Amino acid sequence: MQKLGTATELEYAFLFTLRKVNSINLEDFKQFFSNMPIDPYIKGKYRSRRLSRFTASGNELVKLPHGYFFQSKEHNPLVGDIKREFAELDDALIELDTFKNIVLAFSDSCKLHPEAEIGVHQIRISCSPDNFSNPAPEGIHQDGTDFIGIFSVHRDNIQGGETHLYTAKRQKPVFSKVLNPGELLLVNDHEFFHFANPIKPQTEAQGSWDVFVLTSPSLLSE
Ligand SMILES: [Fe+2]
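A. Here's a closer look at the overall build of the chain. Secondary structure summary: the chain contains three helices and 14 strands in total. In terms of overall dimensions, the chain is globule-like: its C-alpha atoms have a radius of gyration of 17 Å, near the 17 Å expected for 222 residues. For the chain, the proportion of its 222 residues judged to be buried stands at 52%. Of the contacts made within the chain by residues no fewer than 6 positions apart, 79% connect residues no fewer than 24 positions apart. Surface exposure of the chain reaches about 10800 Å², of which carbon and sulfur atoms provide 49%.

B. Representation of the packing of aromatic side chains in the model. On inspection of all chains with the given rule, the structure shows seven aromatic pairs. With 5.2 Å between their ring centres and 80° between their planes, Phe 16 and Phe 192 make a pair best called edge-to-face. On the criterion of sequence distance, the pair formed by Phe 16 in strand β1 (residues 16-20) and Phe 192 in the loop between β10 (183-188) and β11 (193-196) is long-range, its members being 176 residues apart. Note on accessibility: Phe 16 and Phe 192 belong to one class, buried. When the centroid spacing of 5.6 Å and the interplanar angle of 70° are considered together, the rings of Phe 99 and Phe 212 count as edge-to-face. Within this pair, whereas Phe 99 is found in helix α3 (residues 97-109), its partner Phe 212 is found in strand β13 (residues 207-216), the two being separated by 113 residues in sequence. Of the two residues examined, Phe 99 and Phe 212, each falls in the buried class. Joined through ring pairs, the aromatic side chains of Phe 29, Phe 33, Phe 54, Phe 99 and Phe 212 make up one cluster. A cation sits over an aromatic face here: Arg 49 above Phe 86, 4.7 Å from the ring centre. Lying over the aromatic face of Tyr 68, Lys 83 brings its terminal NZ or CZ to 4.7 Å of the ring centre.

C. Geometry of the sheet that holds strand β9 (residues 175-177). One open sheet accounts for three strands, arranged β9-β8-β11; its pairing is antiparallel. Looking at the sheet topology across the chains shown, the edges are occupied by β9 and β11. Sheet twist, expressed as the mean angle between neighbouring strand axes with direction ignored, is 10°.

D. Here's a closer look at the coordination of the iron ion. Protein coordination of the iron ion is provided by His 141 (NE2), Asp 143 (OD) and His 194 (NE2), with donor distances spanning 2.1 to 2.2 Å. In the primary sequence, the donor residues of the iron ion line up as H-x1-D-x50-H. With Asp 143 in the loop between β5 (118-127) and β6 (147-156) and His 194 in strand β11, this residue pair connects regions lying 51 residues apart in the sequence. Accessibility assignment for this pair places Asp 143 and His 194 in one class, buried.

E. Seen up close, the confidence of the model for the chain. With 94% of its residues at a pLDDT of 70 or more, the chain shows a mean pLDDT of 91. Contacts from residues 1-12, a stretch scored under 50 in pLDDT, to residues over four places away or in other chains number 15 contacts.

F. Representation of the side chain of His 141 within the structure. Secondary-structure assignment places His 141 in the loop between β5 and β6. In this structure the side chain of His 141 is engaged in a polar contact, spanning 3.1 Å, whose partner is the side chain of Asp 143. Not counting residues within four places of it along the chain, the set of residues in contact with His 141 comprises His 75, Ala 136, Phe 193 and His 194.

G. Expanded view of the side chain of Glu 138. Along the chain, Glu 138 turns up in the loop between β5 and β6. Although Glu 138 is buried, it forms no salt bridge, and the closest oppositely charged side chain is Arg 47 at an N-O distance of 4.7 Å. Leaving out residues up to four positions away in the same chain, Glu 138 has contacts with Asn 76, Pro 77 and Leu 78.

Rules of the game
Residues numbered from 1 in each chain as written. Predicted model: local features only at pLDDT ≥ 70, side-chain atom pairs only at ≥ 80, totals over all residues. Heavy atoms only, no water. Helix = DSSP H or I, 4+ residues; strand = E, 2+ residues; numbered from the N terminus. Rg over C-alpha atoms; globule rule 2.2 N^0.38 Å. Buried < 20%, exposed > 50% of the residue type's maximum accessible area, 1.4 Å probe, protein only. Contact = heavy atoms within 4.5 Å. Areas by Shrake-Rupley, 256 points an atom, 1.4 Å probe, with all protein chains shown as cover. Phe/Tyr/Trp six-rings, centres within 6.5 Å; stacked < 30°, edge-to-face > 60°. Lys NZ or Arg CZ within 6 Å of the ring centre and 35° of its normal. Pairing = 2+ DSSP bridges. Axes fitted to C-alpha atoms, helices over the stretch in contact; angles between N-to-C directions. Donors = N, O, S within 2.8 Å, 3.2 Å for Na, K, Ca; no water. pLDDT = per-residue confidence, 0-100. Polar contact = N/O pair within 3.5 Å; in protein donor to acceptor, adjacent residues only side chain to side chain. Lys, Arg positive; Asp, Glu negative; His and termini not counted. Salt bridge = Lys/Arg side-chain N within 4 Å of Asp/Glu carboxyl O.

So this is what it looks like as structure tokens:
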């Protein structure tokens, strides 16, 4: 866990940390990232997305009812202040122990209350030689939640996509890294802004980056 500046013990409750989620077979996830619905709320058809919400109590995930995703314009100038709706994650994905382990790792690391809602965004960013893709078209931003987890699932034929954290929008990043498959970056959203660089293919072919982005609270409502 990182400690910045002169933060006191209290302030230091949680800033950001990078961990590897062990005993995860990432191959289990592959089939669930193909043929996902396109995110219709941004320009271009390069981002596909599903979204579900859960609580994690003890060793179990409880799936919560379908809801609408809402961020304020302040947090998301591109698509803030509108209700967004995405298809739920596939039931067969949710049933995988490997999936459960990621959500529990997030919940444990952030010491979430058992009733805290966790939103899980399943996202694929695709790129081609003519079309480099921007995972965060809203720019350097905060999500408007408490905790964020970014779990990198798979990088297929891509370069770029470094994830950055900043203490303020116009500062240099305090963290910059390509998140390798299996790595989970945990971020206190109150303390940091985040961004990911555009991705482009390594060869003259399609490329893609698959991630789960977890947030608590979920920012979903009925
Ligand atoms: Fe974000």
